[in-house]
Amino acid sequence: MREEENEDPTGYGQRVGERLRAIRRQKGLSLQDVEANSRQEFKASVLGAYERGERAISVPRLQRLARFYAVPVDQLLPREEGESERRELLDLTDSSPVVSSVTIDLGRLRGIDSTSAQMLVRYLQMIQVQRQDFNGRMLTVRRDDLRAIACILDTSIDSAIEQLDALGLCLVP
């Protein structure tokens, strides 16, 4: 292979590596943890080389790594410049509820066997993808998200928060 084929003039390989590292760290895993938990499918030294941008990862391997991390494949790829930024936490002109966000225990929610809980899980997974937040344990939902959750639960925002709290799913900051 010629040397210029190994060069990465756009820096895309480096940015892919940074995303791989960010997702791994969000999952709370070391390189050695990934190696051990993947039964040596992803060697620590090779994964480290991917993360440093020293080695290119193939598409099938990227897919397997996404499956291992339990995230959509596109979340292992860096955002292109100009893609939309996150929305602000609050619309300060809105004088509706005093509560602006709620932190939900995702693990406990997954343990609830009901149609509403399943719909909430799917909705919250969509939020995780949008925010690229894959820690998998807790998720803070914003006021607009609370409105959608209230619709899913067919109730008001205040009642939705009360229902989530009664189930032991939320912590109001």
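Residues numbered from 1 in each chain as written. Predicted model: local features only at pLDDT ≥ 70, side-chain atom pairs only at ≥ 80, totals over all residues. Heavy atoms only, no water.

> Talk me through the overall build of the protein; I want residue IDs and the actual numbers.
In terms of helices and strands, the protein carries nine helices and three strands. Reading the helices (α) and strands (β) of the protein from amino to carboxyl end gives α-α-α-α-α-β-α-α-β-α-α-β. Out of the 173 residues belonging to the protein, those deemed buried represent 35%. Relative to all contacts within the protein whose residues are 6 or more apart in sequence, the contacts with residues 24 or more apart total 63%. Carbon together with sulfur atoms contributes 49% to the accessible area of the protein, which is approximately 10800 Å² in total. (Helix = DSSP H or I, 4+ residues; strand = E, 2+ residues; numbered from the N terminus. Buried < 20%, exposed > 50% of the residue type's maximum accessible area, 1.4 Å probe, protein only. Contact = heavy atoms within 4.5 Å. Areas by Shrake-Rupley, 256 points an atom, 1.4 Å probe, with all protein chains shown as cover.)

> Run through the layout of surface pockets, naming residues and quoting values.
Reported here for the second largest pocket is a volume of approximately 300 Å³. Lining the second largest pocket are 17 residues, with Asp8, Gly13, Arg55, Ala56 and Ile57 positioned closest to its centre. Counting residues per element, the lining of the second largest pocket draws most heavily on helix H2 (residues 12–26), which supplies four residues. Here the lining of the second largest pocket is built from residues that sort into eight nonpolar, five polar and four charged. (1 Å grid on protein atoms, 1.4 Å probe; cavity = no way out; pocket = protein on both sides within 12 Å on 5 of 7 lines; lining within 4 Å. Points joined across faces, edges and corners; volume = space filled by probe spheres on them. Nonpolar A, V, L, I, M, F, W, Y, C, P; charged D, E, K, R; others polar.)

> Got a sec to walk through the packing of aromatic side chains? Specific residues and values, please.
Throughout the structure, instances matching the rule amount to two aromatic pairs. A ring pair is formed by Phe42 and Phe68, whose centres lie 6.1 Å apart and whose planes are at 55 degrees; its orientation type is tilted. With Phe42 in the loop between helix H3 (31–37) and helix H4 (44–51) and Phe68 in helix H5 (residues 59–69), the pair connects residues that are 26 residues apart, well separated along the chain. Since its relative accessible area comes to 1%, Phe42 is described here as buried. By relative accessible area, which is 26% here, Phe68 ends up partly exposed. (Phe/Tyr/Trp six-rings, centres within 6.5 Å; stacked < 30°, edge-to-face > 60°.)

> Account for the packing of H2 against H4, with residues named and values stated.
Geometrically, a packed helix pair is captured by the angle between its two axes and the distance between the axes. One way to put it is that H2 packs onto H4 with a least axis distance of 7 Å and a crossing angle of 125 degrees. The orientation of H2 relative to H4 falls into the category oblique. On H4, the residues touching Gly13, Gly17, Glu18, Leu20, Arg21 and Arg24 of H2 are Leu47, Tyr50 and Glu51. Taken together, the residues of the contact of H2 with H4 break down into three nonpolar, two polar and four charged. (Axes fitted to C-alpha atoms, helices over the stretch in contact; angles between N-to-C directions. Parallel < 35°, antiparallel > 145°, perpendicular 65-115°, else oblique.)

> Describe the nonpolar core, with residues and values.
Counting residues in each nonpolar core, the largest one holds 22 residues, and the members touching the most others are Val102, Ile104, Leu109, Leu124, Val141, Ile149 and Leu164. Secondary structure elements with two or more residues in this core: strand E1 (101–105), helix H6 (106–110), helix H7 (115–131), strand E2 (138–142), helix H8 (143–152) and helix H9 (157–166). Membership of the second largest hydrophobic core comes to 19 residues, among which are Val16, Leu31, Leu62 and Tyr69. (Core = buried A, V, L, I, M, F, W, Y, C linked by side-chain atoms within 4.5 Å.)

> Give a description of empty space enclosed by the protein that names residues and reports values.
All chains considered together, the criterion is met by one cavity of 30 Å³ or more. Estimated volume of the largest cavity: approximately 40 Å³. Taken together, Leu106, Leu109, Arg110, Val121, Leu124, Gln125 and Gln128 make up the full set of residues lining the largest cavity. It is H7 that contributes the most residues to the lining of the largest cavity, four residues altogether. Here the residues of the lining of the largest cavity are counted per class, giving four nonpolar, two polar and one charged.

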